[in-house]
Amino acid sequence: MARTFADAVRWAREGTRLFLDAAGGLTEPEFEAPSLLPGWSRKHLVAHVAANGDALGNLVHWAATGEETPMYASAEERAAGIERGPRMSGAELTGWLARSCTELRTAMDALTEAQWQAEVVTAQGRTVPATEVPWMRSRETFVHAVDLDRGVSFTDLPGGFLDALVTDIAAKRGLDALPDGPLPEVAAWLAGRPHALAGAPDLGPWL
C-alpha cells in the first residue's frame, strides 16, 4: 500500500520521539561510543540528526515564504554540521537536537495546505513538493534511532513505514527483485545495516 502524506507526518513524529528517547540519558562516555555507522560516534549521529532537522526546516521556510533556502549552502556545510558533534558536550548536543526537533515540528504544523504543495529542492538536487519533507524526516529519525545502538532495531519500527522504506530504497538502488525474508530484515539489508538474510550481497550504507 502506497504511503500517504498523513502516514509520513505521523511517522515523522513517531520517529522523532523514538530518536529522542534513544538518545536521552546518554552519559558523556556513551556519547563518545561508536554508533552502528562505520567511523561515526553517537555524537556524530546526534549532530547529523540535529543538523538534518535544521536543514529540513530550511525547506519548510522555503515552502512557507517562497524564499529560496536550500537545505545546506554546500556539501561542505553539511559535513561541517556533522563534524561539530564530537567537539560538543553531550548536554550541548542534547539541547541542539531538542531545539531542532521542536522548531521543525512547529514550522511544519504552521504550513497551510497550499504551502505544502510548494516545490522545494532537496540536498540531492531533486525538485519535490514540500509534502516530501515529513517522509524525509521519518527516514532519518527511524533509521538513525537504530544506528544509535541503544536497543532499537528494525523490528521496532512500524510495519507501514518499513513497507514504504523498502519500496523507496529498492527504487533508489534500482533493484527489481528482493530476497525473501522478514520485512525488518529486508529493510535493514536494503539500508546497508546489519541483518540476518543469508547470502544477501553487501549493499553498503544508505542514508
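Before reading further, recall that the structure is shown in the block above.
Residues numbered from 1 in each chain as written. Predicted model: local features only at pLDDT ≥ 70, side-chain atom pairs only at ≥ 80, totals over all residues. Heavy atoms only, no water.

1. Focus: helix α5 (residues 90–110)
Then, number 1: Here α5 spans 30 Å end to end across 21 residues, near enough to the 30 Å set by a 1.5 Å rise per residue.
Then, number 2: Listing the buried residues of α5 in full gives Gly 90, Leu 93, Trp 96, Leu 97, Ser 100, Cys 101, Leu 104 and Met 108. Here the buried residues of α5 occupy an arc of 125° about the axis, which is enough to place them on one side. Exposed residues pointing more than 90 degrees away from the buried face of α5 are listed as Ala 91, Thr 106 and Ala 110. (Helix = DSSP H or I, 4+ residues; strand = E, 2+ residues; numbered from the N terminus. Expected span 1.5 Å × (residues − 1). Buried < 20%, exposed > 50% of the residue type's maximum accessible area, 1.4 Å probe, protein only. Arc of directions from axis to C-beta.)

2. Some thoughts on helix α3 (residues 42–65)
Then, number 1: Here α3 spans 35 Å end to end across 24 residues, near enough to the 34 Å set by a 1.5 Å rise per residue.
Then, number 2: Among the 24 residues that make up α3, 18 are buried, leaving the element largely enclosed by the rest of the structure.
Then, number 3: Among the residues trailing α3, Gly 66 stands out with phi positive, at a value near 80°.

3. Things to note about the packing of aromatic side chains
Then, number 1: For the coordinates displayed, the defined rule picks out 5 aromatic pairs.
Then, number 2: Taking 4.6 Å as the distance between ring centres and 50° as the angle between the ring planes, the aromatic pair formed by Phe 142 and Phe 161 counts as tilted. Within this pair, whereas Phe 142 is found in helix α7 (residues 132–147), its partner Phe 161 is found in helix α8 (residues 159–173), the two being separated by 19 residues in sequence.
Then, number 3: One aromatic cluster in this structure is built from Trp 11, Trp 135, Phe 142 and Phe 161.
Then, number 4: Directly above the aromatic system of Trp 96 lies the positively charged group of Arg 84, at a separation of 4.2 Å from the ring centroid. (Phe/Tyr/Trp six-rings, centres within 6.5 Å; stacked < 30°, edge-to-face > 60°. Lys NZ or Arg CZ within 6 Å of the ring centre and 35° of its normal.)

4. Description of the packing of α3 against α7
Then, number 1: Two numbers describe how α3 lies on α7: the axes approach to 11 Å, and their chain directions differ by 175°. Taken together, α3 and α7 sit at an angle that is classed as roughly antiparallel. Touching Leu 45, His 48, Val 49, Asn 52, Gly 53, Leu 56, Leu 59 and Val 60 of α3 are Val 133, Met 136, Arg 137, Glu 140, Thr 141, His 144 and Asp 147, all from α7.
Then, number 2: Tallied by class, residues from the contact of α3 with α7 come to 7 nonpolar, 5 polar and 3 charged. (Axes fitted to C-alpha atoms, helices over the stretch in contact; angles between N-to-C directions. Parallel < 35°, antiparallel > 145°, perpendicular 65-115°, else oblique. Contact = heavy atoms within 4.5 Å. Nonpolar A, V, L, I, M, F, W, Y, C, P; charged D, E, K, R; others polar.)

5. Some words on the packing of α3 against α5
Then, number 1: The geometry of α3 relative to α5 is characterised by a closest axis approach of 9 Å and an angle of 25° between their N-to-C directions. Taken together, the axis directions place α3 and α5 in an arrangement best described as roughly parallel. Between α3 and α5 lies a crossing whose hand is left-handed. Across from Lys 43, Val 46, Ala 47, Val 49, Ala 50, Ala 51, Gly 53, Asp 54, Leu 56, Gly 57 and Val 60 in α3, the residues of α5 making contact are Gly 90, Leu 93, Trp 96, Leu 97, Ser 100, Glu 103, Leu 104, Ala 107 and Met 108.
Then, number 2: In terms of residue class, the contact of α3 with α5 is built from 13 nonpolar, 4 polar and 3 charged. (Left-handed = near helix turned anticlockwise from the far one by under 90°.)

6. Considering the pattern of salt bridges
Then, number 1: All told, the structure shown has 10 salt bridges when counted by the stated rule.
Then, number 2: With a shortest N-O distance of 2.9 Å, Arg 13 and Asp 109 are connected by a salt bridge. One end of the pair, Arg 13, is in helix α1 (residues 5–23); the other, Asp 109, is in helix α5, with 96 residues separating them in the sequence.
Then, number 3: For Arg 13, a relative accessible area of 31% translates into the label partly exposed.
Then, number 4: Each of Asp 7, Arg 10 and Glu 14 takes part in one network of salt bridges that share partners. (Salt bridge = Lys/Arg side-chain N within 4 Å of Asp/Glu carboxyl O.)

7. Section: the nonpolar core
Then, number 1: Formed by 44 residues in total, the largest nonpolar core has its most connected members in Phe 19, Val 46, Leu 97, Phe 154, Leu 157, Phe 161 and Leu 165.
Then, number 2: Counting residues per element, this core draws most heavily on α8, at 7 residues.
Then, number 3: In this structure Phe 154 touches Val 143, Val 146, Leu 162, Leu 165, Pro 184, Ala 187, Ala 188, Ala 191 and Arg 193, once residues within four positions along its chain are discounted.
Then, number 4: Among the nonpolar cores identified, the runner-up in size contains 17 residues, and Leu 56, Leu 104, Met 108 and Trp 116 belong to it. (Core = buried A, V, L, I, M, F, W, Y, C linked by side-chain atoms within 4.5 Å.)

8. A look at the environment of Trp 189
Then, number 1: Inspection of the secondary structure assignment puts Trp 189 in helix α9 (residues 183–190).
Then, number 2: Judged by relative accessible area, which is 5%, Trp 189 ranks as buried.
Then, number 3: Apart from the residues within four sequence positions on either side, Trp 189 is in contact with Leu 175, Leu 178, Pro 179, His 195, Leu 197, Ala 200, Pro 201 and Leu 203.
Then, number 4: One polar contact links the side chain of Trp 189 to the main-chain carbonyl oxygen of Pro 201, over a distance of 2.6 Å. (Polar contact = N/O pair within 3.5 Å; in protein donor to acceptor, adjacent residues only side chain to side chain.)

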